[in-house]
Amino acid sequence: MTSYDDIELVVEGREPAAADVLLLTLRHPLGADLPAWEPGAHVDLLLGPGLERQYSLCSDPADRSAWRIAVLREPDGRGGSAHVHRRMREGDKVRAREPRNRFPLEPARRYRFVAGGIGITPILPMLAAADAAGADWTLLYGGRTRATMAFTGELARYGERVTLAPEDETGLLDLPPVLDGLPPGTLVYCCGPGPLLDAVEERCPPGLLRTERFRPKEQGSGTGGAFEVVLARSGRTLSVPPDMSVLDAVRGAGVEVLYSCTEGTCGTCETDVLEGEPDHRDSLLTEEERACGETMLICVSRCRGRRLVLDL
Ligand code: FES
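Residues numbered from 1 in each chain as written. Predicted model: local features only at pLDDT ≥ 70, side-chain atom pairs only at ≥ 80, totals over all residues. Heavy atoms only, no water.

**A word on the layout of surface pockets**
Now for step 1: Empty space within the second largest pocket amounts to approximately 530 Å³.
Now for step 2: Lining the second largest pocket are 24 residues, and of these Leu209, Thr211, Leu285, Thr286 and Glu287 sit closest to its centre.
Now for step 3: Breaking the lining of the second largest pocket down by element, the ones donating at least two residues are β11 (209–212) and α8 (287–292).
Now for step 4: For the lining of the second largest pocket, the leading source of residues is α8, giving 4 residues.
Now for step 5: Counted by class, the lining of the second largest pocket contains 10 nonpolar, 4 polar and 10 charged residues.
Now for step 6: When residues of the lining of the second largest pocket are assigned to domains, at least three map to each of domain 2 (110–213) and domain 3 (227–310). (1 Å grid on protein atoms, 1.4 Å probe; cavity = no way out; pocket = protein on both sides within 12 Å on 5 of 7 lines; lining within 4 Å. Points joined across faces, edges and corners; volume = space filled by probe spheres on them. Helix = DSSP H or I, 4+ residues; strand = E, 2+ residues; numbered from the N terminus. Nonpolar A, V, L, I, M, F, W, Y, C, P; charged D, E, K, R; others polar. Domains from an automatic or database assignment.)

**Overview of helix α6 (residues 194–203)**
Now for step 1: Looking at α6, one finds that the buried residues are Leu196, Leu197 and Val200. Each buried residue of α6 sits inside an arc of 95° when the element is viewed along its axis, so together they form one side. Opposite the packed face of α6, turned more than 90 degrees from it, sit the exposed residues Pro195 and Glu202.
Now for step 2: Tucked inside the fold, the buried residues of α6 contact β7 (110–116), α5 (176–179), β10 (186–191) and β11. (Buried < 20%, exposed > 50% of the residue type's maximum accessible area, 1.4 Å probe, protein only. Arc of directions from axis to C-beta. Contact = heavy atoms within 4.5 Å.)

**Side note on the nonpolar core**
Now for step 1: Phe113, Ile123, Trp137, Leu139 and Leu155 are the most contacted members of the largest nonpolar core, which totals 29 residues.
Now for step 2: Composition of this core by domain shows at least three residues from each of domain 1 (6–97) and domain 2 (110–213).
Now for step 3: Filtering out sequence-adjacent residues up to four positions away, Leu155 remains in contact with Ile120, Leu124, Leu127, Leu139, Tyr141, Val162 and Leu164.
Now for step 4: Counting residues in each nonpolar core, the second largest holds 23 residues, with Leu231, Met296, Leu308 and Leu312 among its members. (Core = buried A, V, L, I, M, F, W, Y, C linked by side-chain atoms within 4.5 Å.)

**Quick notes on the environment of Leu57**
Now for step 1: Along the chain, the position of Leu57 falls in the loop between β4 (51–56) and β5 (67–72).
Now for step 2: For Leu57, a relative accessible area of 0% puts it in the buried group.
Now for step 3: Put simply, Leu57 and Trp67 are 10 residues apart on the chain and 6.6 Å apart in space, counted from C-alpha to C-alpha.
Now for step 4: When sequence neighbours within four positions are dropped, the list of residues in contact with Leu57 reads Trp37, Ala41, His42, Val43, Trp67, Arg68, Ile69, Pro99, Thr121, Pro122 and Pro125.

Set out below in C-alpha cells:
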C-alpha cells in the first residue's frame, strides 16, 4: 500500500495475555537490534495483501532485541485480529514498518492514565517511563471482566497507583475522582473503546487530554461538496468529487503517498497544508493541531472552502 521500507520479523513467542488477547514477541530473524521506539508508539504489521494493521508496542523500549504486541480477537473486526489469532504461529515471518508515535508521552509532573480493555497496550510502557521519571501517576484500568484484562500481573508491582475496575465487579469506570480538580502540571492519557474516550473527553479540562483511538470517531453525516486540490510540488490541480477522498484523488493521479488505515486513525497519510482550510474528519489530530490547520489526514479529511494547496 505504501512504498517505504519495512523490516522482516519472526514470531518468537505466542501466548495468551488474557481471554481473547494474544501476546506476540517479535524479533529480527538474525537477532539484530530492532529500530528504537518510545512509549505510545505503534507498528504497522503487513499481514497480507490489503491486510495491514497497527499494534501498539507494549514491551520495554530499552530492550531493542524484541518487540511485544498484544492483539485482541475481534469477532466483528475487519480480519486483522482473526488472522493473527488463527494463523500466526511461532517461527512465522511477518513484515512490519518502523515504529511511529502519534501518542507520545509528554513530560509532566503528574499523569492520570485511563485505559479500557486492549487500550492498556500503549499505556503500559508509559507507566514504566512515568515511574522511572519519578512522576506522580495513577492508572484507572477497566475491562469487561478481570479475565479479559491483560497485564494485570505486571501491573501488580505498581501497588496502589493502579486501580483495576472490571465492569462486572465495579460497573463503568468511575471517572470523576480521576479527572475532577486536576492540579496544574497534570496530563491525562487515555486509550480504549470510543465510548470511554468520549466520556473522558467530556469530563477532562481542555488541553490536558492525550488520546489514541483504535477505531474512528463518529463523525457527522455527509461528505461535503466537491473541491480542488493543488499539488504544490508539481503544480497539478485535481478535482475531488463529494464521494472521493483526497487520498484517492491523489493516488488516482499517479502520485505516490504514504497511507495505511484509510480511516483517519493511524496518521500515516498526514500531509502539510500550504493554503486553504481543511475540514478535519480524522480521529487523531489534537484540537490545537486542527485549529492551526497546518496538516491534515488526507484519507478522510476534506476542505472547508473550494481549494486546498498541499505539499505533495
Ligand atoms: S491512512 Fe491512517 S490516518 Fe490516513
